[in-house]
Amino acid sequence: MTERHTWEDSISRLLQKALSHKETYTVPISGFSVSIHPNVYSPKYFPESKWYGQELEKLIEPGQDFLEVGVGSGIVAMHVARAGGRVKGVDINPDAVAITKKNFAQNGLCSEGRVVGGEPRDSSYSSASQSPSEVNAATAAISLDSKKGHQEEHLPAADIRVSDLYTALEPSSRFHYIFWNHPWQNSSAVVKELQTEKTLDEGYKALSRYMTQGRDYLHEGGNGAVLIGTSCYADLKSLNKLAEENGYRTEVQSQGGSLLEDGTEEVYYILRLVDLQEKP
Ligand SMILES: C[S@@+](CC[C@H](N)C(=O)[O-])C[C@H]1O[C@@H](n2cnc3c(N)ncnc32)[C@H](O)[C@@H]1O
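Since the structure is predicted, the reported quantities are computational estimates derived from the model, not experimental observations.

1. Considering the overall build of the protein chain
For the protein chain, the helix and strand inventory stands at seven helices and nine strands. Relative to its 280 residues, the protein chain shows a buried fraction of 42%. Summarising the internal contacts of the protein chain: among those between residues at least 6 apart in sequence, 65% fall at separations of at least 24.

Structure, rendered in structure tokens:
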């Protein structure tokens with residue numbers, strides 16, 4: 001059996017385990033209490049999410065604006081919020097958005113009842129009554145508080161939205177960093193367990209949109225970048241070609257790895273897209 005086949009076998013078993021949960025379950029990861037909906041990518045079984053979170057926690061400066069695409073359970077975004085980043089998140093899966101909001105709330109990273117884009121807990125709350133700038137200011141406050149290791153009365157809202165990539169963001173939104181632990185597979189020739197929106201992006205079509213539209217959401221001259229969380233089991237050759245076609249070159253921001261439950265090794269990368277279209 002090739003290394004690739006061994007990995008697909010191992011991942012298929014883990015995906016089946018993740019799917020065998022009938023209800024939301026909660027696990028401790030990196031000092032967070034993380035609830036995971038059975039229909040959401042599970043950091044209990046897939047260790048790269050924690051690794052990306054830990055790497056980004058080191059990279060982000062307090063007060064920097066951070067967008068996570070594809071939040072899943074919110075584990076990556078929570079690391080960034082703990083480091084003081086002003087976090088927004090999107091996911092195409094409504095279950096992921098709901099569970100991420102719950103995780104931000106239960107880890108003291110947002111205020112209950114002021115969550116944007118979803119069901120408020122406080123019945124007097126109306127999302128129309130809160131402008132995007134109020135939301136930003138609130139988000140800034142929590143981020144800085146969490147870096148100092150204490151929480152104040154007025155926690156910010158967690159701005160997590162159901163969205164196909166950037167579509168639900170205000171066009172004026174700007175970030176220092178944008179990150180996506182993207183679905184690594186790009187061909188439906190993979191085993192059927194890997195053929196979901198969490199793990200398969202046929203022809204890397206969504207990844208291409210992520211790259212090309214991402215530059216419009218970066219702060220000008222902000223030293224930030226569009227980042228990609230990927231691995232040795234993604235199609236790195238196609239990914240690099242796509243980056244080139246979209247006017248970037250890739251640089252390895254961080255490299256690391258982890259073992260799956262059965263000892264199968266995975267190597268992870270955070271790639272930085274260096275924009276070749278940017279004026280010097
Ligand atoms: C590999 S999972 C990563 C989840 C989480 N960030 C983590 O690391 O545990 C990829 C995520 O991207 C989301 N996704 C897939 N296509 C998307 C799209 N077009 N727009 C937004 N999110 C998308 C999936 O729903 C899934 O939550």
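Okay, back to it.
2. Observations regarding the site of the ligand
Residues in close proximity to the ligand total 22 residues, the closest being Ser49, Gly70, Gly72, Ile92 and Asn181. For the shell around the ligand, the secondary structure elements donating two or more residues are helix H3 (75-82) and strand S4 (86-91). Of the residues that constitute the shell around the ligand, the class distribution is twelve nonpolar, six polar and four charged.

3. What to know about the pairing of strand S1 (residues 25-29)
Sheet analysis places S1 next to strand S2 (residues 32-36), joined by five bridges and oriented antiparallel. When the sheet's bridge partners are listed, Tyr25 is paired in S2 with Ile36. In this structure, the hairpin formed by S1 and S2 is closed by a connection of two residues, where Ser30 is found at a positive phi of approximately 55°.

4. Overview of the packing of helix H6 (residues 205-214) against helix H7 (residues 236-245)
As a packed pair, H6 and H7 sit with axes 10 Å apart at the nearest point and diverge in direction by 35°. The handedness of the crossing between H6 and H7 comes out as right-handed. Contacts between H6 and H7 involve Leu207, Ser208 and Met211 on the former and, on the latter, Leu239, Leu242 and Ala243.

5. Let's talk about the confidence of the model for the protein chain
Low-confidence regions, as indicated by low pLDDT, have predicted coordinates that should not be scrutinised in detail. Per-residue confidence for the protein chain gives a mean pLDDT of 86, with 84% of residues at or over 70. pLDDT under 50 marks residues 118-153. Its contacts with residues more than four places away, or in other chains, come to 56 contacts.

6. Points about the sheet that holds S4
What the seven strands build is an open sheet, ordered S5-S4-S3-S6-S7-S9-S8; its pairing is mixed. The open sheet has two edge strands with one neighbour each: strand S5 (159-162) and strand S8 (248-259). Each neighbouring strand pair of the sheet contributes to a mean axis angle of 20°, computed without reference to strand direction. Sheet topology note: the S4/S5 ladder contains four bridges and is parallel. Paired with Asp91 across the two strands is Val162, which belongs to S5. Most of the contacts of H3 go to S4, to which it runs at about 170°, and overall it touches strand S3 (65-69), S4 and strand S6 (177-181).

7. Some remarks on unusual backbone geometry
Excluding glycine, residues mostly carry a negative phi; peptide bonds, for their part, are mostly trans. Even without glycine at this site, Ser30 takes up a positive phi of about 55°. With 16 C-beta atoms counted inside 10 Å, the residue Ser30 sits in the partly exposed group. Even without a glycine there, the phi angle at Tyr204 is positive, about 50°. Position of Tyr204 among the secondary structure elements: in the loop between S6 and H6. Accessibility expressed as a C-beta count within 10 Å gives 22 for Tyr204, which makes it buried.

8. What to know about helix H1 (residues 3-20)
Between its terminal C-alpha atoms H1 stretches 26 Å, which fits the 26 Å expected from 18 residues at 1.5 Å a residue. The set of residues buried in H1 consists of Ile11, Leu15 and Ala18. Each buried residue of H1 lies within a common arc of 60° when the element is viewed along its axis, so the set occupies one face. Summarising the geometry of H1, the exposed residues directed more than 90 degrees from the buried face are His5, Gln16 and Ser20.

9. Quick word on the environment of Phe104
The residue Phe104 is located in helix H4 (residues 94-106) in this model. You can call Phe104 buried: it has 29 C-beta atoms within 10 Å. Separated by 55 residues in sequence, Phe104 and Asp159 have C-alpha atoms that sit 10.0 Å apart. For Phe104, the residues in contact, after removing those within four places along its chain, are Gly74, Met78, Leu109, Cys110 and Ala158.

The rules behind these values
Residues numbered from 1 in each chain as written. Predicted model: local features only at pLDDT ≥ 70, side-chain atom pairs only at ≥ 80, totals over all residues. Helix = DSSP H or I, 4+ residues; strand = E, 2+ residues; numbered from the N terminus. Buried ≥ 20, exposed ≤ 12 C-beta atoms within 10 Å, placed from the backbone. Contact = placed C-beta atoms within 7 Å. Near = placed C-beta within 6 Å. Nonpolar A, V, L, I, M, F, W, Y, C, P; charged D, E, K, R; others polar. Pairing = 2+ DSSP bridges. Axes fitted to C-alpha atoms, helices over the stretch in contact; angles between N-to-C directions. Left-handed = near helix turned anticlockwise from the far one by under 90°. pLDDT = per-residue confidence, 0-100. Expected span 1.5 Å × (residues − 1). Arc of directions from axis to C-beta.

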